[in-house]
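Single-letter residue listing:
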Amino acid sequence: MIDDAAGGEVTDARSLVPKPLKNITIERGTAVEKQSRTNLVEGVAGLTGGFTTTLVSHPLDFLKLRMQLDKTSSTQWKAIKNILHNLVLTSTSTDGKIDGINLINNVYRGVGPNLVGSTTAWALYFVFYREYKDLILKYTNSSFNDSNLNSAEYLLSAFGAGWTTSIITNPIWVIKTRMIATSKHTPGAYSSIVDGIRQIYHHEGFMGYYKGLSPALLNVSQGALQFSIYDTFKHHIILKKGNPEQRLTTFEYLYSSAISKITATMTLYPLQVIRSRLQVNNEIKTISARKLVYEIAKEEGVKGFYKGLLANIIRVVPATCITSVSYTHLRANETAANIVCRLLLEKK
């Protein structure tokens, strides 16, 4: 949430090693050093794209999650009206006027863990996706060129990267979900990431950090599906151009990202609703995913599994495009990303 999965030219993975910059010297030459530079470029690019995306799209993430947790509204429009009414109510001062600063703070509640989780997840995903693709290329004795991978191998790489990332970052998503689900004045509401970590461990133990992990792991299929569609689509465009060294245009990056994300999101969206409702439960005795599915189906019907879908599509499609383009251009930049990577390598 990829070097060329986010839109880069299809080329030898070893050629992604940054070219030397003036006045910056670093010992190089071995395969390990070259791969380290490549992975750092992946991580820095993914981190930057993820940070930008999350900051811009957080209000829609706030709306989506509140809608997913709503159990009483008969329609999504009524859910939106209730959420906005409650938001205005909690942002109104004692003199009856809406406090703009308080309103922004309420809308951006949970942005801290969202930024930490999203930037970390994107960076980890990019790096692990690159690593798993390289492992497959090495295992199959292929040259380090992504065009040698087929759709199944892209899918396998995406699954491996997604599962690894989900396990590492699940605790921060639990905190983010609970912070967005409550106002800062709600009894027991987390005041910060550290406070969330402390309260979860104190009241629920270590396993409290991993509530909602099972649907999160299943939801990796969305990322795997998205990137397999994206990579296949992108390579088809490149092959159609007849020049494997030619980059895609920004517009081609955008519509490739949008088509793949919409398809994947609509297919597996119910898993997000299930995950959010499991994560928001702060009781020691948790409900099973199977029982929760039964309750949603019985009390809310099929539409209960798709609450917040429209807000999510509006959020994730531009977010995916922003991240993909930011990532691609930063990785291609021979100043920002490369300088940071080289400085990090020199400190090792």
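Cut-offs and rules
- Residues numbered from 1 in each chain as written.
- Predicted model: local features only at pLDDT ≥ 70, side-chain atom pairs only at ≥ 80, totals over all residues.
- Heavy atoms only, no water.
- Helix = DSSP H or I, 4+ residues; strand = E, 2+ residues; numbered from the N terminus.
- Buried < 20%, exposed > 50% of the residue type's maximum accessible area, 1.4 Å probe, protein only.
- Contact = heavy atoms within 4.5 Å.
- Core = buried A, V, L, I, M, F, W, Y, C linked by side-chain atoms within 4.5 Å.
- Polar contact = N/O pair within 3.5 Å; in protein donor to acceptor, adjacent residues only side chain to side chain.

## Topic: the side chain of Asn-219
Along the chain, Asn-219 turns up in the loop between α7 (213–218) and α8 (220–241). Exposure remark for Asn-219: the relative accessible area of 12% places this residue in the buried category. Discounting chain neighbours no more than four positions away, the residues touching Asn-219 are Leu-268, Leu-271, Gln-272 and Arg-275.

## Notes on the nonpolar core
By size, the foremost hydrophobic cluster in this structure holds 12 residues: Ala-258, Tyr-269, Val-273, Ile-274, Leu-278, Leu-292, Ile-296, Phe-305, Leu-309, Ile-313, Val-316 and Val-317. Listing elements by their share of this core, those giving two or more residues are α10 (270–280), α11 (289–299) and α12 (309–332). The biggest single contributor to this core is α12, with four residues.

## Looking at the side chain of Lys-211
Looking at the secondary structure, you find Lys-211 in the loop between α6 (193–204) and α7. Overall, the relative accessible area of 8% leaves Lys-211 in the buried class. At 2.7 Å, the side chain of Lys-211 forms a polar contact with the side chain of Glu-204. A polar atom in the side chain of Lys-211 sits 2.8 Å from the backbone oxygen of Asn-281. Residues in contact with Lys-211, not counting those within four places in the same chain, are Asn-170, Val-174, Arg-178, Glu-204, Leu-278, Gln-279, Asn-281, Asn-282, Glu-283 and Thr-286.

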